[in-house]
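What follows is each chain in one-letter form.
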Amino acid sequence: MATPQGALKKTALLAAAMTAAGIALVGQAQEASAAPAFVNLTVLDQHGAPVYAQPTSSSTRYRVEKAGTTLRIQCSTTKTPSGALWFRIYDSQPTGWVYSGHFQSLVHPPKECFPG
């Protein structure tokens, strides 16, 4: 027959294990959803940043965002004909793309648009 102290010890161990497992699961969920929906970047090029229909300068040019304009960048890609880094503008209708060279260099670029 189990002693009251033995039962309490088992309960404490079980509670500690459940707490540790719960924290691990919460931590994993936060890591998976940690990527923000967009990143704010400011146009630094004095000539502005042309916005294109596709991540290539040979596609339709919609407009030029002036220097100092802050854009919400959804994601980035190098899966382009030139292999250059392009940014997709968040919530842009129609979809707009800007070349990364018009912005400050980033240590960590926005998430990849076409992972895999």
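Because the structure is predicted, anything quoted here is derived from the model rather than measured.

## Brief notes about the packing of aromatic side chains
Move 1: Under the definition given, this model contains five aromatic pairs.
Move 2: Pairing Tyr52 with Trp86 gives two aromatic rings, centres 5.7 Å apart and planes at 75°, and the pair type is edge-to-face. Linking Tyr52 in strand S2 (residues 49-52) with Trp86 in strand S5 (residues 86-89), this pair joins segments that are 34 residues apart in sequence. The residues Tyr52 and Trp86 share a single accessibility class, namely buried.
Move 3: Taking the centre distance of 6.2 Å and the plane angle of 25° together, the rings of Trp97 and Phe114 count as stacked. Of this pair, Trp97 sits in strand S6 (residues 97-99) while Phe114 is found in the segment after S6, placing the two residues 17 residues apart along the sequence.
Move 4: Assessed through its relative accessible area of 3%, Trp97 is described here as buried.
Move 5: Through a chain of ring-to-ring contacts, the aromatic side chains of Tyr52, Trp86 and Tyr99 assemble into a single cluster.
Move 6: Looking at Arg72, its charged tip hangs above the ring of Phe38, at a distance of 4.6 Å from the centre.

## Thoughts on the confidence of the model for the protein chain
Move 1: Averaged over every residue, the pLDDT of the protein chain is 80; residues scoring 70 or more account for 70%.
Move 2: The least confident element of the protein chain, judged by mean pLDDT, is helix H1 (residues 4-32) at 46; the most confident is S2 at 98.
Move 3: Confidence drops under pLDDT 50 across residues 11-32; counting only partners more than four residues distant or on other chains, this segment forms zero contacts.

## Quick word on the pairing of S2
Move 1: Here S2 shows no split at all, with Ala49 and Val51 on one side and Pro50 and Tyr52 on the other all buried.
Move 2: As judged from the four bridges shared by S2 and strand S3 (residues 61-65), these two strands associate in the antiparallel manner. Pairing of Pro50 across the sheet is with Val64, part of S3.

## Here we look at the nonpolar core
In a soluble, globular protein the nonpolar side chains are often hidden away together inside.
Move 1: By size, the foremost hydrophobic cluster in this structure holds ten residues: Leu41, Val43, Ala49, Val51, Leu71, Ile73, Phe87, Ile89, Val98 and Phe103.
Move 2: Secondary-structure elements contributing two or more residues to this core are S2, strand S4 (70-77) and S5.
Move 3: Ignoring anything within four residues of it in the chain, the contact list for Phe103 reads Leu41, Thr42, Val43, Leu44, Leu71, Phe87 and Val98.
Move 4: Among the nonpolar cores identified, the runner-up in size contains six residues, and Cys75, Ala84, Trp86 and Trp97 belong to it.

## Notes on the state of the cysteines
Move 1: Using the criterion set out here, one finds one disulfide in the structure.
Move 2: Disulfide pairing is shown between Cys75 and Cys113; the S-S distance is 1.9 Å. An S-S torsion of about 100° defines the bridge between Cys75 and Cys113 as right-handed. On the criterion of sequence distance, the pair formed by Cys75 in strand S4 and Cys113 in the segment after S6 is long-range, its members being 38 residues apart.
Move 3: We classify Cys75 as buried; its relative accessible area is 2%.
Move 4: We classify Cys113 as buried; its relative accessible area is 13%.

What counts and how
Residues numbered from 1 in each chain as written. Predicted model: local features only at pLDDT ≥ 70, side-chain atom pairs only at ≥ 80, totals over all residues. Heavy atoms only, no water. Phe/Tyr/Trp six-rings, centres within 6.5 Å; stacked < 30°, edge-to-face > 60°. Helix = DSSP H or I, 4+ residues; strand = E, 2+ residues; numbered from the N terminus. Buried < 20%, exposed > 50% of the residue type's maximum accessible area, 1.4 Å probe, protein only. Lys NZ or Arg CZ within 6 Å of the ring centre and 35° of its normal. pLDDT = per-residue confidence, 0-100. Contact = heavy atoms within 4.5 Å. Pairing = 2+ DSSP bridges. Core = buried A, V, L, I, M, F, W, Y, C linked by side-chain atoms within 4.5 Å. Disulfide = S-S within 2.5 Å.

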